[in-house]
Amino acid sequence: MKPENRIILIKELQKIKQINSRTSYLGAWTGLIISGYILSTFIVKPWDDFMNQEFYWVPSLIILVFLAAFLQSFFLIIRHLIYKRLLIIFEALLDDN
């Protein structure tokens, strides 16, 4: 392996180790479960209670916010799992020499 490639690989490995923390992974699972529960509650709940109010757009805004939180948590979980596998591959490549 070329020394330039080895240096780039080491830098990427360090960057991945900094990003991939266990607390963010557990926080993402917590956010996924909580936002999924709230989303399901608002989707199942009858909309008639909210349509008679002056602020009829509030439930839609709440659903959009929790949908964004749900998707972001899902993205963090997927990124953690991919980076976990990349760490194994990068370390194997670096130990090969």
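About the cut-offs
Residues numbered from 1 in each chain as written. Predicted model: local features only at pLDDT ≥ 70, side-chain atom pairs only at ≥ 80, totals over all residues. Heavy atoms only, no water. Core = buried A, V, L, I, M, F, W, Y, C linked by side-chain atoms within 4.5 Å. Buried < 20%, exposed > 50% of the residue type's maximum accessible area, 1.4 Å probe, protein only. Helix = DSSP H or I, 4+ residues; strand = E, 2+ residues; numbered from the N terminus. Salt bridge = Lys/Arg side-chain N within 4 Å of Asp/Glu carboxyl O.

A.B. asks: When you look at the nonpolar core in this model, what are you seeing that I'm missing?
C.D. replies: Judged by nonpolar contacts, Leu 9, Leu 13, Ile 16, Leu 87, Phe 90 and Leu 94 together constitute the single largest core of six residues. Of all the secondary structure elements, the ones that give two or more residues to this core are α1 (3-19) and α4 (58-95). In this structure, Ala 28, Leu 32, Leu 76 and Ile 77 belong to the second largest nonpolar core, which totals five residues.

A.B. asks: I keep staring at the pattern of salt bridges and nothing clicks. Help me out?
C.D. replies: Two side chains of opposite charge can pair, provided their charged atoms sit close to one another. Per the stated rule, a full pass over the model turns up two salt bridges. Ionic pairing is found between Lys 17 and Glu 91, a salt bridge with its closest N-O pair at 3.6 Å. In this pair, Lys 17 is assigned in helix α1 and Glu 91 in helix α4, connecting sequence segments 74 residues apart.

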